[in-house]
Amino acid sequence: VLRSLGIPTRVITNFNSAHDSNINLSIDKYIDISGKTLDLTEDSVWNFHVWNECWFIRRDLGSFYDGWQVLDATPQEKSKGIYQCGPASTRAIKEGDVDLDYDSSFVFAAVNADCVTWIHYSNKRKERIYSDTRKIGKFISTKAVGSNSRVDVTNNYKYPEVKEISFKISYSQYKNSLMDDRKILVTAV
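Fair warning: this is a prediction, and the values are worked out from it, not measured in the lab.

Thresholds applied
Residues numbered from 1 in each chain as written. Predicted model: local features only at pLDDT ≥ 70, side-chain atom pairs only at ≥ 80, totals over all residues. Heavy atoms only, no water. Buried < 20%, exposed > 50% of the residue type's maximum accessible area, 1.4 Å probe, protein only. Helix = DSSP H or I, 4+ residues; strand = E, 2+ residues; numbered from the N terminus. Pairing = 2+ DSSP bridges. Patch = residues over 30% accessible without salt bridge, like charges linked within 9 Å, V, L, I, M, F, W, Y side chains within 5 Å. Areas by Shrake-Rupley, 256 points an atom, 1.4 Å probe, with all protein chains shown as cover. Salt bridge = Lys/Arg side-chain N within 4 Å of Asp/Glu carboxyl O. Phe/Tyr/Trp six-rings, centres within 6.5 Å; stacked < 30°, edge-to-face > 60°. Lys NZ or Arg CZ within 6 Å of the ring centre and 35° of its normal.

Peer 1: Provide a residue-level description of the pairing of strand β1 (residues 9-19), including the pertinent values.
Peer 2: With eight of 11 residues buried, β1 is to be regarded as a mostly interior element. Pairing of β1 with strand β4 (residues 44-56), which is carried by 10 bridges, proceeds in the antiparallel orientation. Bridging from a neighbouring strand, I12 pairs with W51 of β4. Alignment of β1 against strand β11 (residues 138-143), held across two bridges, turns out to be antiparallel. Each bridged residue has a counterpart across the sheet, and for F15 the counterpart in β11 is K138.

Peer 1: Any details on a nonpolar patch on the surface? Residues and values, ideally.
Peer 2: Together, V11, F15, F48, V50 and F139 make up a nonpolar patch on the protein surface, roughly 450 Å² of accessible area in all. Of all the secondary-structure elements, those providing two or more residues to the nonpolar patch are β1 and β4. Within the element layout of this structure, V11 appears in strand β1. V11 sits in the partly exposed class, given a relative accessible area of 44%.

Peer 1: Go over the packing of aromatic side chains with me, naming the residues and quoting the values.
Peer 2: All chains considered together, the criterion is met by five aromatic pairs. Judged by centre distance (6.4 Å) and plane angle (50 degrees), the rings of F15 and F48 are tilted. Taken as a pair, F15 in strand β1 and F48 in strand β4 lie far apart in primary sequence, 33 residues in all. The class for F15 is partly exposed, based on a relative accessible area of 32%. When its relative accessible area of 48% is taken as the criterion, F48 is described as partly exposed. Relative to Y65, the ring of F64 has its centre 5.0 Å away and its plane inclined at 90 degrees; by these criteria the two rings are edge-to-face. For F64, a relative accessible area of 37% puts it in the partly exposed group. Geometry around W118 places K126 over its ring, the cationic atom sitting 4.4 Å from the centre.

So, in structure tokens, the structure goes:
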């Protein structure tokens, strides 16, 4: 419909898509002390989820948020009392501006939530035992114009995940540059 009105529109697929039912920006799993999963949340991770992006000027939010906007025709949660999702600015999602109207927090969680496992001891006490910050929002994609190729648009939604690198530093190589504080500044490029 939007294309017929002359509004640029494309389909987006998000793999490992989070469904954050309580909008706390994490997908929570609760287990008891024996390791049995407890049914205390409606959060889930879907293999994939699909929505549309449309190109809008955002006079309501300011020109910083112009550009691609998320519209989900199949929302699973109510927003302001009705089943709707969007238009959420992809720029707001990438920048973590989750307090803006039109479900930016829900879409942010869909592509960037942390998966957290908790041991639930009682109604008042729980302990976080595991957190995966990289599982959600993989290979966010659209179809290329004029071909059936996939175009990765993940960088439109989130900054690259930080990668840990390991390396060894020979003490003898750097001992002359060490000062009394015994610190070495290492810059990775």
